[in-house]
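Close look at the chain arrangement
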Amino acid sequence: MAPEQVRGSARVDERADLYALGAVAFRSLAGRLPFEGTNALTLIALKLDRDPPTLASITGDDWPQPLEKFLARMMARD
């Protein structure tokens, strides 16, 4: 769920779909979701307060910078 959906914003648009696509791409490449927690409140807090992690920080591998920037942009909170 995109951060604006978590906030209950009335102005959810196609950018929420881009966020979701970024999260699916992240999971496909890293093998896990960008944000993980033990309950819904933890996940909400992480999405609203933290930038998504990089692929490199999760996998320990080097990834092309254009790909890292692309995913960061797709999953940006703003």
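For the structure, check the block above.
Computed from a prediction, not measured in an experiment: that's the story for all the values here. (Residues numbered from 1 in each chain as written. Predicted model: local features only at pLDDT ≥ 70, side-chain atom pairs only at ≥ 80, totals over all residues. Heavy atoms only, no water.)

1. Looking at the layout of surface pockets
In this structure, the largest pocket encloses a volume near 410 Å³. In this structure, the largest pocket is lined by 14 residues; those nearest its centre are Glu4, Arg15, Ala76, Arg77 and Asp78. For the lining of the largest pocket, the elements supplying multiple residues, two or more each, are helix 1 (3-6), helix 2 (14-30) and helix 5 (65-74). No other element matches the three residues that helix 2 contributes to the lining of the largest pocket. Across the lining of the largest pocket, the residue classes break down as five nonpolar, one polar and eight charged. (1 Å grid on protein atoms, 1.4 Å probe; cavity = no way out; pocket = protein on both sides within 12 Å on 5 of 7 lines; lining within 4 Å. Points joined across faces, edges and corners; volume = space filled by probe spheres on them. Helix = DSSP H or I, 4+ residues; strand = E, 2+ residues; numbered from the N terminus. Nonpolar A, V, L, I, M, F, W, Y, C, P; charged D, E, K, R; others polar.)

2. Some points on helix 2
Between its first and last C-alpha, helix 2 extends 24 Å over 17 residues, near the 24 Å set by a 1.5 Å rise per residue. For helix 2, the complete set of buried residues consists of Ala16, Tyr19, Gly22, Ala23, Phe26 and Ala30. With its buried residues spanning 115 degrees around the axis, helix 2 presents them on a single face. When the buried face of helix 2 is taken as reference, the exposed residues oriented beyond 90 degrees from it are Glu14, Asp17, Val24 and Ser28. (Expected span 1.5 Å × (residues − 1). Buried < 20%, exposed > 50% of the residue type's maximum accessible area, 1.4 Å probe, protein only. Arc of directions from axis to C-beta.)

By themselves these figures say nothing about function.
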